[in-house]
Number of protein chains: 2
Amino acid sequence: MKNKNKKRIFLDYASVTPVDKKVVAKMEQIQKATFANPSALYREALVAKDLLLEAREKIAQKIHAQKGEIIFTSGGTESNNLSLLGVFEKYKTKKFVPHFITITTEHPAILEVFKEIERRGGEITILPVGEDGIVSLKELRESVKNNTVLVSVSYVNNEIGTIQPIHSIARAIKDFRQKNNTVFPYLHTDACQAGLYLSLDVLKLGVDLMTLDGIKMYGPRSSGILYIKSGVEIHPIVFGGGQERGLRSGTENVAGALGLSLAFEIADKMRDKESLRLSKIQDYGIDKILKTFPGATLNGGREYRLPNNINICFPGLDAEFAVISLDVAGISASYSSSCRTLKEDSSSYVVESLGKKDCSKSSLRFSFGRETKKSDIDMLITSLKKIVL
Amino acid sequence: MKNKNKKRIFLDYASVTPVDKKVVAKMEQIQKATFANPSALYREALVAKDLLLEAREKIAQKIHAQKGEIIFTSGGTESNNLSLLGVFEKYKTKKFVPHFITITTEHPAILEVFKEIERRGGEITILPVGEDGIVSLKELRESVKNNTVLVSVSYVNNEIGTIQPIHSIARAIKDFRQKNNTVFPYLHTDACQAGLYLSLDVLKLGVDLMTLDGIKMYGPRSSGILYIKSGVEIHPIVFGGGQERGLRSGTENVAGALGLSLAFEIADKMRDKESLRLSKIQDYGIDKILKTFPGATLNGGREYRLPNNINICFPGLDAEFAVISLDVAGISASYSSSCRTLKEDSSSYVVESLGKKDCSKSSLRFSFGRETKKSDIDMLITSLKKIVL
């Protein structure tokens, strides 16, 4: 009976965040104010239209974009698909085979789209990463060809929290463009994991397309955006009424958009303080885990790492068993990512990409959020001791 | 000042319905119970997974389907796209050109997808309708060819409320399949407008694919389903983590799914009584409008018509001006559909398809919902008198 009332420790914020209570309240308020379809002509619809514009402007401002550069979608996966398939369908012709570049450690919402691009007749290159999880700028530069239309590199890896040098990648791409007097390749980044902790300034990052997801930012479910730099042309992947500048047909979710814009505002306000707070917990956690479990190693480099992520290889551990055992002990963690779990494959191709083959089925991800406290780490280690040793 | 407090009359329920208060409460309750990603392995995720299954089973039951035949999407437009492009991408090869059939009066979420299918190398046929808005079964039968993979006919037209003979279309298609010993063509129906008022029994209807949308059923925004009959194979249009049997990648919206399933339950309970109630208001309205405005004609037949729709041609009227004038008078109505408004085209291709060219810019749609009362019709006619005459 005692156990039932014990508060659980959630360490899987990289998978999903709860909806912020203020966001819930905002959406309720909007739904009471209007339920109209913003495309109609009467008063209720104009109210909805204005609210949608307000959400678009606020989000644009937070990432230093223009309002016309923000497309509302149903989430990160859709935004990624729209970026990649949208560019592919826009530029492929009978004679021109578009070439796409990404890296081995990307989320399935990128890698599976690459498979589809190949199936549709496109050309793809998937670059390796170093032991720290970071792509080699030299290799990336060398892989850009005359038919390369898009490079997609996630801002932060979802499993190991590695931060890619997006700004440097953007610079290398701009160099190529200038030398070859072309607008290609475009640079897309999946920034879903970065939303809460890193700068989302698209001008400083130098990206052409950027994906963000409400469920990773304490925002509404089924909400996301795609930033599309003015001048970048893509083809829709869903067709119909022509909402969102013709790029995302379907009645707009006004309350969702306002909820998402509030989630952006809250994230922005909390960014620096929360990043610092979590990086301290992270440092404490990494040090203490590595000290407690002598064979354990950190997956991915420590320097360029999101402050909310610890991913550890415990040699010989059965990661699936460990996640279930931690669950019984009241701790929610994960091996690889939820999307991999769905495929009933307990191995992590991300960890394997780091050259740590023996670690691919023996690694655990602990990801933090607003409720995470330093004492959670102590509880985690107490439980791990019973499982790992 | 008096005017400001006057209750407005909303007559555009075909465009959008408010979220039922019970649905809002249900979603809040679910969000409090769990925010986890249903694909994860720990307790919170298993709760989410069970809830998602519950929603799927409940919706399946309401339309006489199996739970594995329900795919959750972000709405009707996405469901339509997934049906049509999914079948196209599944069956096109270098040698085989798939052929698709639909009708002229379909929503842009069908017609624009047909354009895309043609762009991607498919073959399309768009059949006319009669003055009553109904497709000729004979013409439909004659247009099915050996390479026809899919026929898409909306259950109910969104502008004029015409109910198509889906069961008879299904029978004609089954005859073709039997004679030719093939599983093609599949039959898809966009049932978004029918959700609240007609039988959604997929077995009785005889459809292979059916689209439904939460926003037309007092359900959550950004929620919809696609029914896919067991054995019908389609290709995804969005790629990633492999959720929804690989057909709709992206983290599932558990609260949205439960909210939608409750919206289905409420609709089911209210269906007969509400249909009868609204058909009386409809009869009253049609009769009174036609009597009050001698030149006016009903667009679409009266017999096979959704009980919540009146669409009237007022010869010589500027429909856009009328909608704005009605708005000033406190009444929300529409010409054609919201999606058309977005394209800044005040003409209705649906009305034009009926052979009523002069009516395409002079027709108004009044659509009813749970708040609509008979007295609203009287108010409408009082306002129309000032605008039409």
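Residues numbered from 1 in each chain as written. Chains lettered and ligands numbered in written order. Predicted model: local features only at pLDDT ≥ 70, side-chain atom pairs only at ≥ 80, totals over all residues. Heavy atoms only, no water.

As a further point, take the environment of Gly 224 of chain A. Residues and elements named next belong to chain A. Summarising the element assignment, Gly 224 is placed in strand 8 (residues 224-228). By relative accessible area, Gly 224 is classed as buried at 0%. For the pair Gly 224 and Ala 36, spaced 188 residues apart in sequence, the C-alpha to C-alpha distance is 21 Å. If sequence neighbours within four positions are ignored, Gly 224 has contacts with Ile 71, Phe 72, Thr 73, Ser 74, Gly 75, Ser 79, Leu 212, Asp 213, Gly 214 and Leu 260. (Helix = DSSP H or I, 4+ residues; strand = E, 2+ residues; numbered from the N terminus. Buried < 20%, exposed > 50% of the residue type's maximum accessible area, 1.4 Å probe, protein only. Contact = heavy atoms within 4.5 Å.)

This paragraph deals with helix 13 (residues 374-388) of chain B. Residue and element names in this part refer to chain B. A rise of 1.5 Å per residue sets the reference length of helix 13, with its 15 residues, at 21 Å; its end C-alpha atoms lie 21 Å apart and thus fit the reference within 8%. Among all positions in helix 13, only Asp 376, Ile 377, Leu 380, Ile 381, Ser 383, Leu 384 and Ile 387 are buried. For helix 13, the secondary structure elements touched by its buried residues are strand 1 (9-10), helix 9 (254-292), helix 10 (319-328), strand 11 (331-332) and strand 12 (363-367). (Expected span 1.5 Å × (residues − 1).)

At the junction of Phe 184 of chain A and Pro 185 of chain A, the peptide bond is cis and its omega measures out at -5° in the coordinates. Turning to its location among the elements, Pro 185 of chain A is positioned in the loop between helix 7 (166-180) and strand 6 (186-190). A positive phi angle, close to 50°, is found at Glu 244 of chain A, a residue other than glycine. Residues other than glycine seldom take positive phi values, yet Asn 181 of chain B does so here, at roughly 50°. With respect to the element layout, Asn 181 of chain B can be found in the loop between helix 7 (166-180) and strand 6 (186-190). When its relative accessible area of 74% is taken as the criterion, Asn 181 of chain B is described as exposed.

Let us look at the packing of helix 10 of chain B against helix 13 of chain B. Residue and element names in this part refer to chain B. Axis separation between helix 10 and helix 13 bottoms out at 10 Å; the angle between their running directions is 130°. In terms of axis orientation, helix 10 runs oblique to helix 13. Once helix 10 is placed against helix 13, the crossing between them reads as right-handed. Residue-level inspection shows Phe 321, Ala 322, Ser 325 and Leu 326 of helix 10 in contact with helix 13, the latter providing Leu 380, Ser 383, Leu 384 and Ile 387. Taken together, the residues of the contact of helix 10 with helix 13 sort by class into 6 nonpolar, 2 polar and no charged. (Axes fitted to C-alpha atoms, helices over the stretch in contact; angles between N-to-C directions. Parallel < 35°, antiparallel > 145°, perpendicular 65-115°, else oblique. Left-handed = near helix turned anticlockwise from the far one by under 90°. Nonpolar A, V, L, I, M, F, W, Y, C, P; charged D, E, K, R; others polar.)

Residue and element names in this part refer to chain B. Counting buried positions along strand 12 yields 5 of 5 residues, so the element is predominantly enclosed. Residues Ser 363, Arg 365 and Ser 367 point to one face of strand 12 and Leu 364 and Phe 366 to the other, with burial holding for every one of them. With 5 bridges connecting them, strand 10 (residues 309-313) and strand 12 associate as antiparallel partners. Bridge pairing in strand 12 links Asn 309 to Ser 367. (Pairing = 2+ DSSP bridges.)

For the rest of this paragraph, the subject is the sheet that holds strand 9 (residues 297-298) of chain A. Residues and elements named next belong to chain A. An order of 9-10-12 is seen for the 3 strands of this open sheet, with the pairing classed as antiparallel. Because the sheet does not close on itself, it has two edges, and the strands there are strand 9 and strand 12 (363-367). Sheet strands touched by helix 9 (residues 254-292): strand 9, strand 10 (309-313) and strand 12. Its angle to strand 10, the strand with the most contacts, is close to 10°.

All right, on to the domain arrangement of chain A then. All names here are of chain A. Parsing chain A into structural domains produces domain 1 (2-19 + 271-388) and domain 2 (21-266). Summarising the inter-unit geometry, the C-alpha centres of domain 1 and domain 2 are found 28 Å apart. With 35 residues of domain 1 in contact, the opposing surface of domain 2 contributes 41 residues. Roughly 3100 Å² of surface becomes buried between domain 1 and domain 2 when both sides are summed, with 54% attributable to carbon and sulfur atoms. Interface area lost by domain 1 to domain 2 is led by Val 19, Arg 271 and Leu 306, which between them contribute 25%. Where domain 1 meets domain 2, there are 0 salt bridges. Of all the secondary-structure elements, those providing two or more residues to the side of domain 1 that touches domain 2 are helix 9, strand 10, helix 11 (338-342) and helix 12 (349-353). A total of 4 residues in the side of domain 1 that touches domain 2 trace back to one element, the largest contributor, which is helix 9. When grouped by side-chain class, the residues that make up the side of domain 1 that touches domain 2 number 14 nonpolar, 14 polar and 7 charged. (Domains from an automatic or database assignment. Buried area = accessible area lost by both parts, 1.4 Å probe. Salt bridge = Lys/Arg side-chain N within 4 Å of Asp/Glu carboxyl O.)

What follows deals with the pattern of salt bridges. Should their charged atoms come close, side chains of opposite charge can pair. Using the criterion set out here, one finds 51 salt bridges over all chains in the structure. Linking Lys 92 of chain B and Glu 89 of chain B is a salt bridge whose minimum nitrogen-to-oxygen distance equals 3.6 Å. Given a relative accessible area of 28%, Lys 92 of chain B falls into the partly exposed group. You can call Glu 89 of chain B buried: its relative accessible area is 2%. Ionic pairing is found between Asp 376 of chain B and Lys 373 of chain B, a salt bridge with its closest N-O pair at 3.9 Å. Overall, Lys 373 of chain B belongs to the partly exposed group, its relative accessible area being 42%. Sharing partners across several salt bridges, the network here consists of Glu 89, Lys 92, Glu 116, Arg 119 and Arg 120 of chain A together with Glu 89, Lys 92, Glu 116, Arg 119 and Arg 120 of chain B.

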